[in-house]
Amino acid sequence: MNFDNFEIWFVTGAQLLYGGETVKQVDAHSMAMVDGLNRSGQLPFKIVYKGTVNSQAEISAQFRQANNSKSCVGIITWMHTFSPAKMWIDALKSLRQPLLHLHTQFQREIPWSEIDMDYMNLNQSAHGDREFGYIMSRMRKPRKVVVGYWEDADVQERIAVWMRVCAAWKDSQGMKILRFGDNMNNVAVTDGDKVEAEMVFNYHVDYCPVGDLAKAVAAVTDTQIDKLIAGYESLYTFADEAGKGGSKHNQVREAARIEIALRRVLEEANAKAFTTNFDDLHGLNQLAGLASQRLMNDGYGFGAEGDWKTAALLRTMKVMANGLSGGTSFLEDYVYHFKGKGAILQAHMLEVCPSITAEKPRLEVHPLGIGGKADPARLVFTAHEGAGVAATIVDMGNRFRLIVNEVDCVPPEADLPKLPVARAFWTPRPNLQTAARAWIQAGGTHHTSFSYDLTAEYFEDYAELADVELLKINAETTIDSFKHDLRLNEVYYMLNRAVTAR
Ligand code: MN
C-alpha cells in the first residue's frame, strides 16, 4: 500500500475574453499555487498542474485524459477568472474522477492602493467560482468544496483529507473481497446486496471454499512455521502456555500455519480484504484469530462472520490512514458500562488489529467456547487513549447508509485479568445513551471499523464520492434532529434518484 503512483490533477478555469496576457498570468499564478501546495509538506502525494482551460474543447479534452489516466485519482478545479460554465457541461457529463472545487484567490489581501480594473478582471474567483458551483449543483455533481486562502494550513488539511479519500476510492475500484464461508446463518445486518454494492462502490465480493484454504494449510512446511514463530517472538510477549515448551505452543504453530496459508491464498487471488466465519472452519484446526489480527495490521480489510461490507470499509479506511500512526481496526460493541456518560467495551472473539495499541501485545492461547474447534492463539492488548471514529455501512434495501460516530477511547477503570481478548474502551459522543440510541435508530451494525487517524470529514468526502447516505453522530447530536434527518433522508433518497436519473 503506497501513494507513490497517485497524483491529483489541478485544472484552472479561465477564458480568452481578457486577452493572452491575462491567461499567461493565470498560468503563472496557478503554477506558483500548485508548487506552493506541493512544498507545504501537508499533502499525502503530489498535485500536478495540467494547465489553464479556456474553451469547451480544452476542458473536455482535459477531463477525458483524467478519466483514462492510471495515475490520476482526482481533479482540483479553480476558476481564476470568470469561466462561463456552459463550457464545462460536456466534460462534467462524463467525469469519472472525484472532484474538489478549490475556492481561493491567488493573493490573500486586497492591495488597496494598487487595485484597478485590470486587477479586478484577473482576480475574479469570487464570482468565477460561483458560476462553476452553479453548474455542478445544476448537474447534481457530488464534490468537495474547499474555501479559504490556499497557503493556510486549514485549507491544505481539507485538501489532504480529500486526497487520502481519493486514494482509498481508487484502491477500492475493482477491489476483491474474499469470503471464506458465507455470512453467519440468520444474521441480517452483516448481509446485503452484493450486486448493488458492486454498482455503488465498484468492489467485488468473491467466495473461496474453506476447503481450498484447508488445502493451502496442509501444504505449509515446518520450516516456514519455524521462521514465522521467530517473527512472533520478536514482536510479542508469549504467555507461558504459548511459548516454546509450553502446554499450548503447538496451537501457536497451528495458528502460524493458518496465517501462512491465508496470506498465500489472498495474495494469489489478489484480494485486499476477507471475511471468516467461526461456524465454517471445515478442515481447519482453529479460527484464524491471530492470522486475522496480523493481516489487518498489514493493511488487509477484515470482517468476521462473513461481514463483507465491514471488510471492505476497513480496507478503505486503512488506505485513507496509510502512513498515519494512530491505528485502524475491526471491532464489535460488546458490553456496556452505564456509569457517568457511559462507555462501551469493544472487542471480538479474537480479531482486533494490534495497530490500535501502544503496548507490546501478549500472545496467548485459550478455549473459544464456540465453533467446536481447538483453542485458538490470539494477541491480547488494550487500545491506547485518544479520539477516533467508528463507522459502518448498512444496506437499507433501496440504498447503502454510512454511519459514523466520534468516540473517545479511555483506559478501562481497572485491569481485566480474566478477559483473554484484545479490547478498546470508549465513550461515544455525545454520550452512550444518545449515541447508541441514534446508532440503533439508524440501523447500525454491532461490527464497526474504527480508526484513530480519521475524522468524520473523511467519511463526508467518501460519501460524496460513492454518493451514499451519511449520518454523523457527534457532540452536537440530539435525538430530535437525528430522527428528523432520518425522515428527511428517506424522502431525499427517493426523490433524488428521480431527479438525477436521465
Ligand atoms: Mn462479530
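The structure presented is a predicted model; accordingly, all values stated were derived computationally and were not measured.

Each value, and the rule that gives it
- Residues numbered from 1 in each chain as written.
- Predicted model: local features only at pLDDT ≥ 70, side-chain atom pairs only at ≥ 80, totals over all residues.
- Heavy atoms only, no water.
- Helix = DSSP H or I, 4+ residues; strand = E, 2+ residues; numbered from the N terminus.
- Expected span 1.5 Å × (residues − 1).
- Buried < 20%, exposed > 50% of the residue type's maximum accessible area, 1.4 Å probe, protein only.
- Arc of directions from axis to C-beta.
- Lys, Arg positive; Asp, Glu negative; His and termini not counted.
- Salt bridge = Lys/Arg side-chain N within 4 Å of Asp/Glu carboxyl O.
- Polar contact = N/O pair within 3.5 Å; in protein donor to acceptor, adjacent residues only side chain to side chain.
- Contact = heavy atoms within 4.5 Å.
- Domains from an automatic or database assignment.
- Buried area = accessible area lost by both parts, 1.4 Å probe.
- Donors = N, O, S within 2.8 Å, 3.2 Å for Na, K, Ca; no water.
- Axes fitted to C-alpha atoms, helices over the stretch in contact; angles between N-to-C directions.
- Parallel < 35°, antiparallel > 145°, perpendicular 65-115°, else oblique.
- Left-handed = near helix turned anticlockwise from the far one by under 90°.
- Nonpolar A, V, L, I, M, F, W, Y, C, P; charged D, E, K, R; others polar.
- Pairing = 2+ DSSP bridges.

### Topic: helix H5 (residues 125-138)
Phase 1: Between its first and last C-alpha atoms H5 spans 19 Å; for 14 residues at 1.5 Å apiece the expected length is 20 Å, and the two agree.
Phase 2: Taken together, the buried positions of H5 are Ser125, Gly128, Asp129, Phe132, Gly133, Ile135 and Met136. For H5, the angular spread of buried residues about the axis comes to 165°, placing them on one side.

### Quick notes on the side chain of Asp129
Phase 1: Note that Asp129 resides in helix H5.
Phase 2: Despite being buried, Asp129 has no salt bridge partner; Arg130 is the closest side chain of opposite charge, sitting 8.1 Å away.
Phase 3: Among the polar contacts made by the side chain of Asp129, one reaches the main-chain amide nitrogen of Met79 at a distance of 3.1 Å.
Phase 4: A distance of 2.7 Å separates the side chain of Asp129 from the side chain of His101, its partner in a polar contact.
Phase 5: Apart from residues no more than four positions distant in its own chain, Asp129 is found in contact with Trp78, Met79, His101, Leu102, His103 and Thr104.

### So, the domain arrangement of the chain
Phase 1: Taken as a whole, the chain is organised into domain 1 (3-172) and domain 2 (176-500).
Phase 2: For domain 1 versus domain 2, the separation of C-alpha centres amounts to 37 Å.
Phase 3: Residue-level contacts link 17 residues of domain 1 with 22 residues of domain 2.
Phase 4: In this assembly, domain 1 packs against domain 2 so that about 1800 Å² is buried in total across both faces, 59% of it on carbon and sulfur atoms.
Phase 5: By the criterion of area lost to domain 2, the three top residues of domain 1 are Arg164, Trp169 and Asp171, representing 35% of everything that side buries.
Phase 6: Inspection of the region where domain 1 meets domain 2 yields five salt bridges.
Phase 7: Joining domain 1 to domain 2, the criterion identifies eight residue pairs in polar contact (both at pLDDT 80 or more).

### So, the coordination of the manganese ion
Phase 1: Looking at the metal site, the manganese ion is ligated by Glu305 (OE), Glu332 (OE), His348 (NE2) and His447 (NE2), spaced 2.1 to 2.2 Å from it.
Phase 2: We note that the donor set of the manganese ion lies within a single chain, spaced as E-x26-E-x15-H-x98-H. Linking Glu305 in the loop between strand S10 (301-303) and helix H12 (308-320) with Glu332 in strand S11 (residues 328-337), this pair joins segments that are 27 residues apart in sequence. Neither Glu305 nor Glu332 differs from the other in exposure class; each is buried.

### A short note on helix H9 (residues 222-235)
Phase 1: The end-to-end C-alpha distance of H9, which contains 14 residues, comes to 20 Å, matching closely the 20 Å that a straight helix rising 1.5 Å per residue would cover.
Phase 2: Residues of H9 that are buried: Ile225, Leu228, Ile229 and Tyr232. Each buried residue of H9 sits inside an arc of 105° when the element is viewed along its axis, so together they form one side. Of the exposed residues in H9, those oriented more than 90 degrees away from the buried face are Thr223, Lys227 and Ser234.
Phase 3: Close packing links the buried residues of H9 with strand S8 (237-238), helix H10 (249-269), helix H11 (289-297) and strand S13 (362-365).

### Focus on the packing of H10 against H11
Phase 1: Contact geometry of H10 with H11 gives a least axis separation of 8 Å together with a crossing angle of 50°. Compared by their axis directions, H10 and H11 come out oblique. Handedness of the crossing formed by H10 with H11: right-handed. In contact with Ala255, Glu259, Leu262, Arg263 and Leu266 of H10, H11 contributes Leu290, Ala291, Arg294 and Leu295.
Phase 2: A class-by-class count of the residues in the contact of H10 with H11 yields six nonpolar, no polar and three charged.

### Comments concerning the pairing of S13
Phase 1: Both S8 and S13 contribute to a ladder of two bridges, which runs parallel. Opposite Thr237, over in S13, you have Arg362 as the bridge partner.
Phase 2: Relative to strand S14 (residues 377-380), S13 runs antiparallel, the two sharing four bridges. Each residue of the ladder has a partner; that of Val365, found in S14, is Ala377.

### A short note on the packing of helix H6 (residues 153-172) against H12
Phase 1: Interaxial distance between H6 and H12 falls to 8 Å at its minimum, and their mutual angle equals 135°. The angle between H6 and H12 falls in the class oblique. The hand of the H6/H12 crossing is right-handed. Counting all contacts with H6, which are made through Arg164, Val165, Ala167, Ala168, Asp171 and Ser172, the residues of H12 involved are Arg315, Thr316, Val319 and Met320.

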